[in-house]
Amino acid sequence: MTIIFHFPDPKREITFTLQRDDLDRHQALFFEQLEPLELSDILFELDVLTVGDHDNIEENQSRKRRIEILLSCLKRNSENLDYFLYALQQCNAELVLEKLEKREFGEEPTEGNIFNVCVIFGDDFDYT
């Protein structure tokens, strides 16, 4: 007797796309709202995360560091971003999904989108 399990294609349930740069733009939102342990379990089951990636996330004591590791893994292969959206749906991360879909960016700039400004003052400027 053969038992066949049918899993729905996660990409079918996605109503919008996510770009690699969106991970940086929404980094503050992710740090505030996400629970990386639940997401890592789902992404591991979908073969998005390797055993090593999953273990790194699971074993780390710092929630912030777990999110950093998770985002780093997702950036490494941006083809998996649809699966990340699917995992967010499965975790009922409605606020995060809403902000991603509406492209709401209210977060602090990250290294990838900070502009450096250099101002040079003349000799007659008083620096005190």
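Residues numbered from 1 in each chain as written. Predicted model: local features only at pLDDT ≥ 70, side-chain atom pairs only at ≥ 80, totals over all residues. Heavy atoms only, no water.

1. Some remarks on the overall build of the protein chain
Across its full length, the protein chain carries seven helices and zero strands. Along the protein chain, helices (α) and strands (β) appear in the sequence α-α-α-α-α-α-α when read from the amino end. Here the protein chain, with 128 residues, has 34% of them falling under the buried criterion. Accessible surface for the protein chain amounts to roughly 9000 Å². Of this, 48% is attributable to carbon and sulfur atoms. (Helix = DSSP H or I, 4+ residues; strand = E, 2+ residues; numbered from the N terminus. Buried < 20%, exposed > 50% of the residue type's maximum accessible area, 1.4 Å probe, protein only. Areas by Shrake-Rupley, 256 points an atom, 1.4 Å probe, with all protein chains shown as cover.)

2. Description of the nonpolar core
Of all hydrophobic cores here, the largest spans 30 residues; its most connected members are F30, L43, L74, F84 and L88. Every element with two or more residues in this core is listed here: α2 (27–33), α3 (36–45), α5 (63–76), α6 (81–90) and α7 (94–101). The contact partners of L43, leaving out residues within four places of it in the chain, are V48, L49, L70, L74, Y83, F84 and A87. (Core = buried A, V, L, I, M, F, W, Y, C linked by side-chain atoms within 4.5 Å. Contact = heavy atoms within 4.5 Å.)

3. Quick notes on the packing of α3 against α5
Taken N-terminus to C-terminus, the directions of α3 and α5 make an angle of 30 degrees; their axes are 9 Å apart at the nearest point. In terms of their interaxial angle, α3 and α5 are classed as roughly parallel. With respect to the hand of their crossing, α3 and α5 are arranged in left-handed fashion. Contacts between α3 and α5 pair P36, L37, L39 and L43 from the former with R63, R66, I67, L70 and L74 from the latter. Residue classes in the contact of α3 with α5 are distributed as seven nonpolar, no polar and two charged. (Axes fitted to C-alpha atoms, helices over the stretch in contact; angles between N-to-C directions. Parallel < 35°, antiparallel > 145°, perpendicular 65-115°, else oblique. Left-handed = near helix turned anticlockwise from the far one by under 90°. Nonpolar A, V, L, I, M, F, W, Y, C, P; charged D, E, K, R; others polar.)

4. Regarding the confidence of the model for the protein chain
The predicted model of the protein chain averages 76 in pLDDT, with 69% of residues at 70 or higher. A low-confidence stretch, residues 1–7 (pLDDT under 50), is modelled with zero contacts involving residues beyond four sequence positions or located in other chains. Every residue in residues 106–128 scores below 50 in pLDDT, and together they form eleven contacts with partners more than four places removed in sequence or on other chains. (pLDDT = per-residue confidence, 0-100.)

5. Regarding the packing of helix α4 (residues 51–59) against α5
One way to put it is that α4 packs onto α5 with a least axis distance of 8 Å and a crossing angle of 160 degrees. Between α4 and α5, the angle is such that the two are roughly antiparallel. Here α4 and α5 pass one another in a crossing that is left-handed. Here D53, N56 and I57 of α4 lie close against α5, whose contacting residues are R66, I69, L70, C73 and R76.

6. Notes on a negative patch on the surface
Taken together, E35, E38, D41, E45, D55, E58 and E59 make up a surface patch of like negative charges. Tracing the backbone through its elements, the reader meets E59 in helix α4. (Patch = residues over 30% accessible without salt bridge, like charges linked within 9 Å, V, L, I, M, F, W, Y side chains within 5 Å. Salt bridge = Lys/Arg side-chain N within 4 Å of Asp/Glu carboxyl O. Lys, Arg positive; Asp, Glu negative; His and termini not counted. Charge placed at Lys NZ, Arg CZ, Asp CG, Glu CD.)

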